[in-house]
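Residue-level listing of the chains:
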Amino acid sequence: MVEPYDASLTAFSVLMQGQDDATIRHCLRLREVCGALAAELGIEGRALRDLEHAALLHDVGMFRIPPAIRAKPGPLTDEEWEEVHRHPDLGAELVGGITTLESCADIVRSHHEWWDGSGYPRGLSGEGIPLGARVLAVIDAFDTMCEGEREKPKRGPDEAREEIHRCAGTQFDPRVVEAFDRGFDALVRLREGGEPASGTSPSP
Ligand SMILES: [Fe+2]
Ligand SMILES: [Fe+2]
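Residues numbered from 1 in each chain as written. Chains lettered and ligands numbered in written order. Predicted model: local features only at pLDDT ≥ 70, side-chain atom pairs only at ≥ 80, totals over all residues. Heavy atoms only, no water.

Engineer: Please explain the coordination of the iron ion (ligand 2) as it appears in this structure.
Structural biologist: Between any two of four tetrahedral donors, the ideal angle at the metal is 109.5 degrees; between two of six octahedral donors, it is 90 or 180 degrees. Listed as protein donors to the iron ion (ligand 2) are D59 (OD), H87 (NE2), H111 (NE2) and H112 (NE2); their distances from the metal cover 2.2 to 2.3 Å. Taken together, the 4 donor atoms coordinating the iron ion (ligand 2) and their angles of 85 to 177 degrees define a geometry best described as irregular. Every donor residue of the iron ion (ligand 2) comes from the same chain, spaced as D-x27-H-x23-H-H. Using a relative accessible area of 1% as the deciding quantity, one classes D59 as buried. (Donors = N, O, S within 2.8 Å, 3.2 Å for Na, K, Ca; no water. Tetrahedral: all angles 85-135°; square planar, octahedral: opposite > 155°, others 65-115°. Buried < 20%, exposed > 50% of the residue type's maximum accessible area, 1.4 Å probe, protein only.)

Engineer: Any chance you could explain helix 2 (residues 21-40) here in plain terms?
Structural biologist: Residues spaced three or four apart along an α-helix point in a common direction, a consequence of the helix completing one turn every 3.6 residues. Look at helix 2: 29 Å from first C-alpha to last across 20 residues, which is about the 28 Å you get at 1.5 Å a residue. Of the residues one or two after helix 2, G42 is the one with positive phi, at around 75 degrees. (Helix = DSSP H or I, 4+ residues; strand = E, 2+ residues; numbered from the N terminus. Expected span 1.5 Å × (residues − 1).)

Engineer: Looking at this structure, how should I read unusual backbone geometry?
Structural biologist: The amide bond that connects Y120 to the next residue, P121, takes the cis arrangement and shows omega of 5 degrees. Mapped onto the secondary structure, P121 falls in the loop between helix 7 (105-109) and helix 8 (131-147).

Engineer: For this particular structure, what's the right way to read the pattern of salt bridges?
Structural biologist: Side-chain pairs of opposite charge can arise where the charged atoms are in close proximity. In the structure shown here, the tally under the stated rule is 16 salt bridges. Between R64 and E93 there is a salt bridge; the shortest N-O distance is 3.4 Å. Residue R64 is located in the loop between helix 3 (45-57) and helix 4 (67-70), and its partner E93 is located in helix 6 (residues 87-96); the two are separated by 29 residues in the primary sequence. Overlapping salt bridges bring together R29, D143, E147 and R191 as one network. (Salt bridge = Lys/Arg side-chain N within 4 Å of Asp/Glu carboxyl O.)

Engineer: For this particular structure, what's the right way to read the packing of aromatic side chains?
Structural biologist: For any pair of aromatic rings, geometry is given as the distance between the ring centres together with the angle between the planes. Scanning the model with the defined rule gives 3 aromatic pairs in all. Summarising the aromatic geometry, the rings of F142 and F180 are spaced 5.1 Å apart at their centres and angled 75 degrees between planes, so their arrangement reads as edge-to-face. Linking F142 in helix 8 with F180 in helix 10 (residues 174-182), this pair joins segments that are 38 residues apart in sequence. Among the residues examined, F180 registers a relative accessible area of 0% and is labelled buried. Judged by centre distance (6.0 Å) and plane angle (70 degrees), the ring pair of F142 and F184 falls under edge-to-face. Of this pair, F142 sits in helix 8 while F184 sits in helix 11 (residues 184-193); the two residues are 42 residues apart in sequence, bridging distant segments of the chain. Look at F184 and you get buried, because its relative accessible area is 4%. Linked through ring pairs, F142, F180 and F184 together constitute an aromatic cluster. It is R161 that lies over the ring of F184; its NZ or CZ is 4.0 Å from the centre. (Phe/Tyr/Trp six-rings, centres within 6.5 Å; stacked < 30°, edge-to-face > 60°. Lys NZ or Arg CZ within 6 Å of the ring centre and 35° of its normal.)

Engineer: Teacher, can you tell me more about the side chain of H26 here?
Structural biologist: As for its placement among the helices and strands, H26 is situated in helix 2. One polar contact links H26 to H58, side chain to side chain, over a distance of 3.3 Å. (Polar contact = N/O pair within 3.5 Å; in protein donor to acceptor, adjacent residues only side chain to side chain.)

Engineer: Teacher, can you tell me more about the packing of helix 9 (residues 157-166) against helix 11 here?
Structural biologist: The axes of two packed helices give the description: the angle between them and the distance between them. It is at 12 Å that the axes of helix 9 and helix 11 come closest, and there the two elements cross at 125 degrees. Here helix 9 lies oblique to helix 11, going by the angle between them. By crossing handedness, the relation of helix 9 to helix 11 is classed as right-handed. Residues P157, D158 and R161 of helix 9 form the contact with helix 11, whose participating residues are F184, V188 and E192. Across the contact of helix 9 with helix 11, the residue classes tally to 3 nonpolar, no polar and 3 charged. (Axes fitted to C-alpha atoms, helices over the stretch in contact; angles between N-to-C directions. Parallel < 35°, antiparallel > 145°, perpendicular 65-115°, else oblique. Left-handed = near helix turned anticlockwise from the far one by under 90°. Contact = heavy atoms within 4.5 Å. Nonpolar A, V, L, I, M, F, W, Y, C, P; charged D, E, K, R; others polar.)

The following block contains the structure:
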């Protein structure tokens with residue numbers, strides 16, 4: 001049963017990101033799949049709830065990026081990418097201002113950090129990145145590859161898995177990638193069990 005609080009949060013998320021159906025479907029799938037991967041890693045209780053909330057809201061900062069950039073079909077300029085790269089901070093600012101969501105703000109802020117320190121916005125590395133953000137990063141990338149990124153075709157789950165492997169130790173926490181492997185079949189089923197997505201909007 002979905003708790004009333006979670007139902008309200010979902011409504012809030014839809015409202016904030018409502019102009020972009022593909023993004024909201026992506027976020028709903030991420031909440032489910034991140035929850036399952038978290039279980040594989042023994043994440044539970046408050047940490048699990050924070051991760052699920054952050055997964056639902058991780059791209060909420062995109063709401064504050066000019067729509068002309070968000071919806072631009074072609075390649076983005078360097079300046080436009082710079083704008084897009086503000087969305088983790090903008091999202092964290094937004095959720096951090098809500099008392100009941102404060103504790104997931106750090107995950108939202110860190111979902112594009114890389115294990116080797118070359119991510120954004122703060123260039124955190126290794127275990128300096130919140131564990132929830134390391135889980136979210138893997139599933140965010142996996143879902144994005146399976147849905148098709150900006151100018152890149154959709155990839156099948158096995159092909160996306162290979163890319164996740166290739167990036168273990170650089171982009172992704174190797175321990176999270178191991179857990180992703182252990183739970184792979186169930187995670188794919190869960191991802192595909194959601195509403196079929198037809199949009200191709202990228203997850204920035
Ligand atoms: Fe995303
Ligand atoms: Fe993002």
